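Examination of the molecular architecture
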Amino acid sequence: MEEEFKITPEEQEVNKKKITELLMSTNRPGMDRLLDWITNKTDFFRAPASTKYHLNCEGGLALHSLHVYQRLSEKVAQGLITIKPETVIITSLLHDLCKVNFYVKEVKNVKEGTKINQFGKEVANWVEKEVWGIKDNFPVGHGEKSCCYIQNFIRITAEEYAMIRLHMGPDKNVYPDPFSETAKIYPSVVAIYTSDIESAYILEEKQ
Ligand SMILES: [Fe+2]
Ligand SMILES: [Fe+2]
């Protein structure tokens, strides 16, 4: 999908402030150090949320994290599920922390429509374009990596670990599937999974 959606530097600043305030409001010991790392050692507040799908623009990861926070908070407010407020904040805002220092800007030849060549034939029109690529220096997995980064600074509960580790949903190639098994103990893994896909595939698809 061609994305021209942009998040202005001012909007990025507002999102950064919101995320910082929400995370600090949890009073989780070590959160100040985690935030210091996120702010000063990573590109969390500037990174895109994906290379070419949802919110593949600067500041996309922070906005996506806020969308998941909103979706998950709504499920709690509607009475669908009970999750502690600090758990909602920590899991939703940090579920994709694995995406920090992960996306890089690259120049690639991409097809942009067609053109007529010197023989009068219609051929693909290749142009140089700046796109997002991936450089994964720590390829240990998605939710796994988020948990690892977070646990370098703060302690998380078993439920928070489960929600972040399994936020991508069921793994169809594994039996018994850890997602389905864990959902019987912590239904909140289902709530964060649906919040994530609702944000990525419905809310952010429109932008
Ligand atoms: Fe994710
Ligand atoms: Fe996500």
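This is a predicted model, so every value here is computed, not measured.

1. Considering the layout of surface pockets
There is about 360 Å³ of room inside the second largest pocket. As for the second largest pocket, its lining consists of 18 residues, of which His-54, Lys-99, Met-168, Ala-200 and Tyr-201 are closest to the centre. Among the elements that make up the lining of the second largest pocket, the one with the highest residue count is helix α8 (residues 188–203) (five residues). When the residues that make up the lining of the second largest pocket are grouped by side-chain class, the tally is eight nonpolar, five polar and five charged.

2. Quick notes on the coordination of the iron ion (ligand 2)
Looking at the iron ion (ligand 2), one finds its protein donor set to be His-64 (NE2), His-95 (NE2), Asp-96 (OD) and Asp-196 (OD), positioned 2.1 to 2.2 Å from the metal centre. The sequence motif formed by the donor residues of the iron ion (ligand 2) is H-x30-H-D-x99-D. Separation of the iron ion (ligand 2) from the iron ion (ligand 1) amounts to 3.5 Å, with Asp-96 serving as a shared donor to the pair. Placement of His-95 in the loop between α4 (85–94) and β1 (103–116) and of Asp-196 in helix α8 is noted, with a sequence separation of 101 residues between them. A relative accessible area of 0% places His-95 in the buried class. The buried category is assigned to Asp-196, whose relative accessible area is 7%.

3. Some thoughts on the domain arrangement of the protein chain
Split into domains, the protein chain comes out as domain 1 (9–101 + 149–203) and domain 2 (104–134). Computed over C-alpha atoms, the centres of domain 1 and domain 2 are 35 Å apart. Taken together, the contact pairs five residues of domain 1 with four residues of domain 2. Of the roughly 360 Å² buried where domain 1 meets domain 2, counting both sides, 65% is carbon and sulfur surface. The largest contributions to the domain 1 side of the interface with domain 2 come from Pro-48, Thr-51 and Glu-58, which together make up 88% of the buried area. Summed over the shared surface of domain 1 and domain 2, the number is one salt bridge. Taking the shortest distance from any N to any O, the salt bridge between Glu-58 and Lys-105 comes out at 3.2 Å. If you look at where domain 1 meets domain 2, you find two residue pairs in polar contact (both at pLDDT 80 or more). Here the residues of the side of domain 1 that touches domain 2 sort into two nonpolar, two polar and one charged.

4. What about the coordination of the iron ion (ligand 1)?
Looking at the iron ion (ligand 1), one finds its protein donor set to be Asp-96 (OD), His-142 (NE2) and His-167 (NE2), positioned 2.1 to 2.2 Å from the metal centre. All donors to the iron ion (ligand 1) come from one chain, and their sequence spacing reads D-x45-H-x24-H. On the accessibility criterion, His-167 (0% relative accessible area) is buried.

5. Here we look at the packing of aromatic side chains
Summed over the entire model, instances satisfying the criterion amount to six aromatic pairs. With a centroid separation of 5.4 Å and an interplanar angle of 70°, the aromatic rings of Phe-179 and Tyr-193 are classed as edge-to-face. On the criterion of sequence distance, the pair formed by Phe-179 in helix α7 (residues 178–185) and Tyr-193 in helix α8 is long-range, its members being 14 residues apart. Among the residues examined, Phe-179 registers a relative accessible area of 7% and is labelled buried.

The rules we used
- Residues numbered from 1 in each chain as written.
- Chains lettered and ligands numbered in written order.
- Predicted model: local features only at pLDDT ≥ 70, side-chain atom pairs only at ≥ 80, totals over all residues.
- Heavy atoms only, no water.
- 1 Å grid on protein atoms, 1.4 Å probe; cavity = no way out; pocket = protein on both sides within 12 Å on 5 of 7 lines; lining within 4 Å.
- Points joined across faces, edges and corners; volume = space filled by probe spheres on them.
- Helix = DSSP H or I, 4+ residues; strand = E, 2+ residues; numbered from the N terminus.
- Nonpolar A, V, L, I, M, F, W, Y, C, P; charged D, E, K, R; others polar.
- Donors = N, O, S within 2.8 Å, 3.2 Å for Na, K, Ca; no water.
- Buried < 20%, exposed > 50% of the residue type's maximum accessible area, 1.4 Å probe, protein only.
- Domains from an automatic or database assignment.
- Contact = heavy atoms within 4.5 Å.
- Buried area = accessible area lost by both parts, 1.4 Å probe.
- Salt bridge = Lys/Arg side-chain N within 4 Å of Asp/Glu carboxyl O.
- Polar contact = N/O pair within 3.5 Å; in protein donor to acceptor, adjacent residues only side chain to side chain.
- Phe/Tyr/Trp six-rings, centres within 6.5 Å; stacked < 30°, edge-to-face > 60°.

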